[in-house]
Amino acid sequence: MKKQLIIIGGATASGKTALGIRLGQHFSTEILSADSRQFYREMNIGTAKPTKKELSLVKHHFINNISIHDAYSVGEYEKQALDVLSNVFQKNEVAIMVGGTGLYIKAVCEGLDEFPEVPLSIRQDLEQLYQIDGIEPLQNMLQSVDSDYYTQADIQNPMRLIRALSVYQASGKPFSSFRKGGSAERSFEAVYICLDVPRATLYDRINKRVDSMVGEGLIDEAQHLLPFKHLIALQTVGYTELFDYFEGKMTLPQAIDKIKQHTRNYAKRQMTWFRKDAHWQRFSPDAFEDIVSFIQSKMDE
């Protein structure tokens, strides 16, 4: 019988962290984070990492594991995550993966497709375009050449945009066309659980979460990271808006409103991505007993 990797997916602020910890305790197992923003040690409040208390309840992997100054790829994550799972499955029948970064989940469960080699000059040209003209030209280019990936990508993240556009420019084929191959053989069975929260409720949770982050010290955290704002890791929602505030491009209330707006936009794209794939079983975040019963039924098959 194959081991079970329980994937907890869903939009930001849908309750993935709390459910993952509860399931980790229930099954006496460990959690792998598949949230690419939570990998970075220096980014804490703005990435909604589990608290120290939450981290103490269940062993977590891939939180605070790299620095914003480190280069890190989804291919490295795939290899390292499979190594961690191999160790976890020596002791447990079940492991938990929590996260909203679809590409990282896909890499572990299905394997990565072979992407073409991208000349350094192409990536450098796109990075220069971003530095000079901002993110909007990248967004427009991606929508024009690869509408499929545009609908599911975090289009506020220039790292994702530059990656997709560089593959397109190097190959002449959309980035999304390289992500439709067959699945790699895995020694475990993936069980996909998506937390389904009504849009109005989710947006309200996002707004309250941002207010809570501000109260916990997000502005000070972003101020501390301002000297490194050029790093790709920091080109993300919750930080770029505050960098603009520090540079006098908007007021603080405007920056906070922008964080809420951009987070809601990202959540909407996440919901679209998760609903697109039929293998996700949707549950309310509060339906813990139903979720456990569903997982148990998969284990008994």
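Scroll up for the structure.
Rules used in this analysis
Residues numbered from 1 in each chain as written. Predicted model: local features only at pLDDT ≥ 70, side-chain atom pairs only at ≥ 80, totals over all residues. Heavy atoms only, no water. Helix = DSSP H or I, 4+ residues; strand = E, 2+ residues; numbered from the N terminus. Rg over C-alpha atoms; globule rule 2.2 N^0.38 Å. Buried < 20%, exposed > 50% of the residue type's maximum accessible area, 1.4 Å probe, protein only. Areas by Shrake-Rupley, 256 points an atom, 1.4 Å probe, with all protein chains shown as cover. Lys, Arg positive; Asp, Glu negative; His and termini not counted. Charge placed at Lys NZ, Arg CZ, Asp CG, Glu CD. Salt bridge = Lys/Arg side-chain N within 4 Å of Asp/Glu carboxyl O. Core = buried A, V, L, I, M, F, W, Y, C linked by side-chain atoms within 4.5 Å. Contact = heavy atoms within 4.5 Å. Pairing = 2+ DSSP bridges. Phe/Tyr/Trp six-rings, centres within 6.5 Å; stacked < 30°, edge-to-face > 60°.

> Where do I start with the overall build of the chain in this structure?
The helix and strand inventory of the chain stands at 13 helices and six strands. Since a compact globule built from 301 residues should have a radius of gyration of about 19 Å, the 19 Å found for the chain is in line with a globular shape. For the C-alpha atoms alone, the extent of the chain along its principal axes is close to 55 × 45 × 35 Å. When burial is assessed residue by residue, the chain has 52% of its 301 residues classed as buried. For the chain, the exposed area adds up to about 14,200 Å²; of that, 47% sits on carbon and sulfur atoms. Averaging the locations of the 35 positively and 38 negatively charged side chains of the chain gives two centres separated by 2 Å.

> Sorry, what's going on with the pattern of salt bridges here?
It is possible for side chains of opposite charge to pair when their charged atoms get near one another. The full count for this structure, using the stated rule, is 14 salt bridges. Between Lys 249 and Asp 244 there is a salt bridge, with its nearest N and O atoms 3.8 Å apart. Through salt bridges with shared partners, a single network forms among Lys 229, Asp 244, Glu 247 and Lys 249.

> What should I look at first to understand the nonpolar core in this one?
Grouped together as the largest cluster of nonpolar side chains are 50 residues, with contacts concentrated most on Leu 5, Tyr 77 and Met 97. Looking at this core element by element, the count peaks at seven residues for helix 3 (residues 74–91). Leave out the neighbours within four places in its chain, and Tyr 77 touches Ser 33, Ala 34, Phe 39, Phe 62, Tyr 72, Met 97, Tyr 104 and Val 108. Listed in part, the 21 residues of the second largest apolar core include Ile 8, Val 94, Val 98 and Phe 294.

> How do you make sense of the sheet that holds strand 6 (residues 281–283) when you look at a structure like this?
Picture the strands of a sheet paired through backbone hydrogen bonds; they go either parallel or antiparallel. Ordered in space as 3-2-4-1-5-6, the six strands form an open sheet in which the pairing is parallel. For this open sheet the edge positions go to strand 3 (60–61) and strand 6, each flanked by a neighbour on one side alone.

> I tried to follow the side chain of Thr 47 on my own but got confused; where do I start?
Here Thr 47 shows up in the loop between strand 2 (31–33) and helix 2 (52–57). The contacts of Thr 47, once residues within four sequence positions are left out, are Arg 37, Gln 38 and Tyr 239.

> What is the right way to look at the packing of aromatic side chains in this model?
Applying the stated criterion to the full structure yields 12 aromatic pairs. Both rings, one in Phe 39 and one in Tyr 77, keep their centres 5.3 Å apart while their planes meet at 25 degrees; by these two values the pair is stacked. Taken together, the positions of Phe 39 in the loop between strand 2 and helix 2 and Tyr 77 in helix 3 put the pair 38 residues apart, joining distant regions of the chain. With respect to class, Phe 39 is no different from Tyr 77; both count as buried.

> Would you mind showing me how to read unusual backbone geometry here?
Apart from glycine, the bulk of residues carry a negative phi angle, and the bulk of peptide bonds sit in the trans form. The phi torsion at Ala 13 lies on the positive side, around 70 degrees, for a residue other than glycine. By the element assignment, Ala 13 lies in the loop between strand 1 (3–10) and helix 1 (16–26). Its identity as a non-glycine residue notwithstanding, Asn 64 has a phi of 65 degrees, on the positive side. Relative to the helices and strands, Asn 64 is located in the loop between strand 3 and helix 3.

> How should I be thinking about the pairing of strand 1 in this particular structure?
Consecutive residues of a regular strand have side chains that alternate between opposite faces of the sheet. Counting buried residues in strand 1 gives eight out of eight residues, a clear majority hidden from the surface. Along strand 1, one buried face is formed by Lys 3, Leu 5, Ile 7 and Gly 9 and the opposite face, lined by Gln 4, Ile 6, Ile 8 and Gly 10, is buried too. Judged from the eight bridges that link them, strand 1 and strand 5 (residues 188–195) form a sheet pairing that is parallel. Residue Ile 8 lies in a different strand from strand 5, and its bridge partner there is Ile 193.

> Hey, could you run me through the environment of Pro 116 in this one?
On the secondary structure map, Pro 116 appears in the loop between helix 4 (102–110) and helix 5 (120–133). Judged by relative accessible area, Pro 116 falls into the partly exposed class, the value being 24%.

> Please clarify how the pairing of strand 4 (residues 94–98) should be interpreted in this entry.
Burial of strand 4 is extensive: five of the five residues sit out of reach of the surface. Side-chain alternation along strand 4 places Val 94, Ile 96 and Val 98 on one buried face and Ala 95 and Met 97 on a second face that is also buried. The pairing of strand 1 with strand 4 spans five bridges and is classified as parallel. Opposite Ile 7, over in strand 4, you have Met 97 as the bridge partner. Two strands pair when backbone bridges link them, and strand 2 and strand 4 are joined in this way by three bridges, in the parallel orientation. Within strand 4, the position partnered with Ile 31 by the bridge is Ile 96.

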